[in-house]
Amino acid sequence: MAATNFSLLQISDFCFKLSSNPQISTISINFKCPCRHQCRKVRLLVCNAVYTEGGSRTKSSLGKEKVSDSEFEPISALNERIRRDHGTRDAAKPGLDSKEAEKYIQLVKQQQQRGLEKLKGRSKEESGGVISYRVDPYTLKSGDYVVHKKVGIGRFVGIKFDLPKDGTEPIEYVFIEYGDGMAKLPVKQASRMLYRYNLPNEPKKPRTLSKINDKSAWEKRRTKGKVAVQKMVVDLMELYLHRLKQKRPPYPKCLAMAEFTTQFLYEPTPDQKQTKGEKEEYLRQIKKGELDIIVGTHSLLGNRVVYNNLGLLVVDEEQRFGVKQKEKIASFKTSVDVLTLSATPIPRTLYLALTGFRDASLISTPPPERVPIKTQLSAFSKENVVSAIKYELDRGGQVFYVLPRIKGLEEVMGFLEPSFPDVEIAIAHGKQYSKQLEETMENFSLGKTKILICTNIVESGLDIQNANTIIIQDVQQFGLAQLYQLRGRVGRADKEAYAYLFYPDKSLLSDQALERLSALEECRELGQGFQLAERDMGIRGFGNIFGEQQTGDVGNVGIDLFFEMLFESLSKVEEHRIKSIPFQEVQLDININPHLSSEYINYLENPMELINDAEKAAEKDILSLVQFTEDLRRQYGKEPNSMEILLKKLYVKRMAADLGINRIYVIGRMVGMETNMTKNVFRMIKDSMASDVLRSSLIYDDGQIKTELLLELPREQLLNWIFQCIGELHASLPALIKY
């Protein structure tokens, strides 16, 4: 190999491309550099080796070829990746035509706009038609963490006047501390670039601060967040596009339904909806379709329950359902109407509603004569507890005394009995025998028991109108939604109720605990569960919309920037689409047509039919080609090199068709791919690629993806490189909109 002048990037690129090729065992590079500085760096990269034909293949009997364990086997790796990608998607879902998809995209945009307007509390006209997640710098406090769109995560220090470089009049600057120094931005510029940094379900403090002088780490984090956004858009579109596809006639109005509604005991408020329910004992009849209405716990979502024709799923007390149950509910959504009810929706559900991905209605009108619950937050003292209980007993009422653990119940009983010797006091918790617990709750409901010391087992489902004082000890150990539900056990009638929230020592409380307690104390008016849930969302974040991993990739950029990228991606969904083309329209202009050896042909049962089957599989879809290849190897073993080349050509054409690439050509050291994708889509594909080397070698120019190789490689090696490159591009498809 003749000595040639190469750049550092070219050398690393060249080494990567050739070393990943099964036909190359070693490489020889002679490097000559005019610059001492570069030479010192290059010594780390140079290696001595020799190019050899063939590889480490060994033939087995009957013409089969085995591959040594150390050899790179690209088809198997690609098959495994494709299987994994398709395994996470529902292959049974029918496709949608473009008109249906366009119709739904418009609906999503309109609903998204309404949700964002509600979230931000302002109209489209007030916001100039655009809803932004950017933060007003004047609302920040010293020490708050912020995200600058181009620089990264920093700590807000403050706003003060300073002289600009080329001016005499001082202007206001925002000062932000980063990992390697302080930055100052004019307030106007900061208001266009800054976002709050919040993490879902984690403390708000980031792991590290970004650096002003090294933006590469931040770019990687933002790219990772962008790819996660693109995948989320696909998940949303798949869920709702297929929901749109479902056809079911509306529920008919009937006499029985009218009679049912007339039996409702209460006068509905203007913003209330009515639900129907009927308790049935025999769940086995569900599968036969003999039951019309089934009321039960979340066991109705279990795998053993098979529904005959499920049309409506009503989920009450939504905040008590875990992520796995929510995923089960989500699996119903393409064919079932789902109505979820909650006084305090969890942050993730609330965010879905506010941002337009889920329809929501708000019931904020309290029942007639209902009065707000007086809420008092203070440090624990036995004197205050006794005083509060005495006041309630003197007016003929009953008391809930709630603790976070069973362990402390007897201790509380120990100090209450001497203070109220003639009062009936009982203990209730989930580990009691069912008969004992039932008897205890019945006595409290009938008014025989005046003080009930219990865990949060009483959080929901109780309506005891004479119980109008609740004492919650160690309040910092409860969640905000739990506290709101517990407080709701009192004040069920027209009598003024009291909620006493006791913490052990304020200095021991975390910042999040203080925020929770402050929010509960402030949201004391009737019907403020929605506002409290918003505060909870602000404190805890919202988690990931899909899957069990709550934090997801949001932590890379923070909640606000993540969602702004999500809505930007949705609003530009037309630009993010890749439209596939028919397999037969793809031209592969690479002059390589290997001939199968006579030994292998004789080994195959029907070689011509087998090759035709391979072509048909590739023409159908990528999974069919994967299945064909795996069946071929199971029956005949690893194919020889000539058959591998034929398969790689089919893979390349199939993946090109999926990507909308109609021609792949080679001119000297140039490889080009003609495609109908936009530059924006190409940028997203590159962001999703795993290989940094392949990503850096590709450019987009006038509807073509191009790359220039270092050498004019032999055609077989060139096919291997194209196979690897287009496989990387194809791996990006799950992160793009396509239909």
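The shown structure was predicted, so the numbers you read here are calculated from the model rather than taken from an experiment.

Undergrad: Quick rundown of the overall build of the protein chain? Include the residues and the values.
TA: Within the protein chain one finds 24 helices and 20 strands. Here the protein chain holds 739 residues, and 46% of them are scored as buried. Sequence-distant contacts, at least 24 apart, represent 72% of the contacts inside the protein chain between residues at least 6 apart. Counting every atom, the protein chain has about 39300 Å² of accessible surface; 50% of that belongs to carbon and sulfur.

Undergrad: I'd like to hear about the sheet that holds strand S7 (residues 194-196), residue by residue, with values.
TA: What the five strands build is an open sheet, ordered S6-S5-S4-S3-S7; its pairing is antiparallel. Edge positions in the open sheet fall to strand S6 (181-186) and S7, since each of these has one partner strand only. Across the sheet, the mean angle from the axis of one strand to that of its neighbour is 45 degrees, orientation sign disregarded. Here seven bridges tie strand S4 (residues 152-162) to strand S5 (residues 171-178), and the two strands are oriented antiparallel to one another. Note on S5: the bridge partner recorded for Phe156 is Ile176.

Undergrad: Any chance you could break down the nonpolar core for me, citing the residues and the numbers?
TA: A general tendency of soluble globular proteins is for nonpolar side chains to be buried together. Core analysis: the largest hydrophobic core is formed by 59 residues, its most contacted members being Tyr651, Ile664, Ile722 and Ile726. By residue number, the principal contributor to this core is helix H21 (residues 641-659), which donates 10 residues. Look past the residues within four positions of Ile722 in its chain and what remains in contact with it is Ile590, Val652, Ile664, Val666, Val671 and Gly727.

Undergrad: Run through the side chain of Arg633, naming residues and quoting values.
TA: Inspection of the secondary structure assignment puts Arg633 in helix H20 (residues 622-636). Judged by relative accessible area, which is 17%, Arg633 ranks as buried. One polar contact links Arg633 to Glu73, side chain to side chain, over a distance of 2.8 Å. Residues contacting Arg633, with those up to four places away along its chain left out, are Glu73, Ile75, Ser76, Lys638 and Glu639.

Undergrad: Describe the pairing of strand S14 (residues 467-473), and please don't skip the residues or the numbers.
TA: Within S14, seven of the seven residues are buried, which leaves the element mostly enclosed by the surrounding structure. The pairing of strand S11 (residues 398-402) with S14 spans five bridges and is parallel. Pairing of Gln398 across the sheet is with Ala467, part of S14. Pairing of S14 with strand S15 (residues 498-503), which is carried by five bridges, proceeds in the parallel orientation. If you follow Ile472 over to S15, its bridge partner there is Leu501. A crossover connection joins S14 to the parallel S15 through helix H14 (residues 480-487); in handedness this β-α-β unit is right-handed.

Undergrad: Describe unusual backbone geometry, and please don't skip the residues or the numbers.
TA: The phi angle at Asp474 is positive, at roughly 55 degrees, despite the residue not being glycine. Examined against the element boundaries, Asp474 turns out to sit in the loop between S14 and H14. Phi at Asp702 takes a positive value of approximately 55 degrees, unusual for a residue other than glycine. Residue placement: Asp702 occurs in the loop between strand S19 (699-701) and strand S20 (704-708).

Undergrad: I'd like a rundown of the pattern of salt bridges, residues and numbers included.
TA: Evaluation of the coordinates by the stated rule reveals 19 salt bridges. With a shortest N-O distance of 3.3 Å, Arg492 and Asp463 are connected by a salt bridge. Residue Arg492 is found in the loop between H14 and S15, and its partner Asp463 is found in the loop between strand S13 (451-454) and S14; the two are separated by 29 residues along the sequence. With a shortest N-O distance of 2.7 Å, Arg633 and Glu639 are connected by a salt bridge. Here Arg633 matches Glu639 in class, with each residue buried.

Undergrad: Which residues make up the sheet that holds strand S17 (residues 661-667), and what values do they have?
TA: Strands sit in the order S16-S17-S18-S20-S19 across an open sheet of five strands; the sheet is mixed. One side of each edge strand has no neighbouring strand; the edge strands of this open sheet are strand S16 (587-589) and S19. Strand after strand, the sheet turns through a mean of 20 degrees between neighbouring axes, direction not considered. Bridge count between S16 and S17: three bridges; the pairing is parallel. Bridging across to S17, Leu588 finds its partner in Ile664. Seen against the sheet, H21 touches S16, S17 and strand S18 (670-675) and runs at an angle of roughly 130 degrees to S17.

Undergrad: Can you break down helix H24 (residues 715-730) residue by residue, with the values?
TA: Residues lying three or four places apart along an α-helix face the same way, a consequence of the helix completing one turn every 3.6 residues. Its 16 residues give H24 an end-to-end C-alpha distance of 22 Å, which sits within 8% of 22 Å, the value for a rise of 1.5 Å per residue. With 14 of 16 residues buried, H24 is to be regarded as a mostly interior element.

Undergrad: An account of the pairing of S5 is needed here, citing residue identities and associated values.
TA: Of the pairings in the sheet, the one linking S5 to S6 comprises six bridges and is antiparallel in character. Counterpart to Glu177 in the pairing with S6 is Met182. Where S5 folds back on S6, the antiparallel hairpin that results is connected by two residues.

Undergrad: An account of the packing of H20 against H21 is requested, with residue identities and associated values reported.
TA: The N-to-C vectors of H20 and H21 enclose an angle of 165 degrees; their axes lie 10 Å apart at closest approach. By the angle between their axes, H20 is roughly antiparallel relative to H21. Of the two elements, H20 crosses H21, and the hand of that crossing is left-handed. Residues Ile622, Leu625, Val626, Phe628, Thr629 and Leu632 of H20 form the contact with H21, whose own contacting residues are Met643, Leu647, Leu650, Tyr651, Arg654, Met655 and Asp658. Here the residues of the contact of H20 with H21 are counted per class, giving 10 nonpolar, one polar and two charged.

Undergrad: Could you give me a rundown of the packing of H21 against H24, with the residues and numbers involved?
TA: Each packed pair of helices is defined by two parameters, the angle between the axes and the distance between the axes. Contact geometry for H21 and H24: axes closest at 9 Å, N-to-C directions at 35 degrees. For H21 against H24, the interelement crossing comes out left-handed. On H24, the residues touching Asn641, Ile645, Lys648, Lys649, Tyr651, Val652, Met655, Ala656, Asp658 and Leu659 of H21 are Glu716, Leu719, Asn720, Ile722, Phe723, Ile726, Gly727, Leu729 and His730.

Undergrad: Lay out the packing of aromatic side chains in plain terms, naming residues and giving numbers.
TA: Enumeration over the complete set of coordinates arrives at eight aromatic pairs. Here the aromatic rings of Tyr500 and Phe502 are separated by 6.5 Å at their centres, their planes lie at 10 degrees, and the arrangement is stacked. Here Tyr500 matches Phe502 in class, with each residue buried. An aromatic cluster is present here, built from Phe380, Tyr391, Tyr498, Tyr500 and Phe502 joined pairwise through their rings. In this structure, Lys160 packs its charged tip against the face of Phe175, placed 5.2 Å from the ring centre. Over the face of the ring belonging to Phe583 we find Lys653, whose NZ or CZ atom lies 4.7 Å from the ring centre.

Undergrad: So what about helix H19 (residues 607-620)? Which residues, and what values?
TA: Helix length check: H19, at 14 residues, gives a terminal C-alpha distance of 20 Å against a target of 20 Å (1.5 Å per residue), a fit within 8%. Among the residues making up H19, those that are buried are Pro607, Leu610, Ala614, Ala617 and Ala618. Mapping the buried residues of H19 onto a view down its axis gives an arc of 95 degrees, with all of them on the same face. In H19, the exposed positions angled more than 90 degrees off the buried face are occupied by Met608, Lys616 and Lys620. Where H19 is buried, its residues touch helix H18 (598-603), H20 and H21.

How each quantity is defined
- Residues numbered from 1 in each chain as written.
- Predicted model: local features only at pLDDT ≥ 70, side-chain atom pairs only at ≥ 80, totals over all residues.
- Heavy atoms only, no water.
- Helix = DSSP H or I, 4+ residues; strand = E, 2+ residues; numbered from the N terminus.
- Buried < 20%, exposed > 50% of the residue type's maximum accessible area, 1.4 Å probe, protein only.
- Contact = heavy atoms within 4.5 Å.
- Areas by Shrake-Rupley, 256 points an atom, 1.4 Å probe, with all protein chains shown as cover.
- Pairing = 2+ DSSP bridges.
- Axes fitted to C-alpha atoms, helices over the stretch in contact; angles between N-to-C directions.
- Core = buried A, V, L, I, M, F, W, Y, C linked by side-chain atoms within 4.5 Å.
- Polar contact = N/O pair within 3.5 Å; in protein donor to acceptor, adjacent residues only side chain to side chain.
- Right-handed = clockwise from strand over helix to strand, strands pointing away.
- Salt bridge = Lys/Arg side-chain N within 4 Å of Asp/Glu carboxyl O.
- Expected span 1.5 Å × (residues − 1).
- Parallel < 35°, antiparallel > 145°, perpendicular 65-115°, else oblique.
- Left-handed = near helix turned anticlockwise from the far one by under 90°.
- Nonpolar A, V, L, I, M, F, W, Y, C, P; charged D, E, K, R; others polar.
- Phe/Tyr/Trp six-rings, centres within 6.5 Å; stacked < 30°, edge-to-face > 60°.
- Lys NZ or Arg CZ within 6 Å of the ring centre and 35° of its normal.
- Arc of directions from axis to C-beta.

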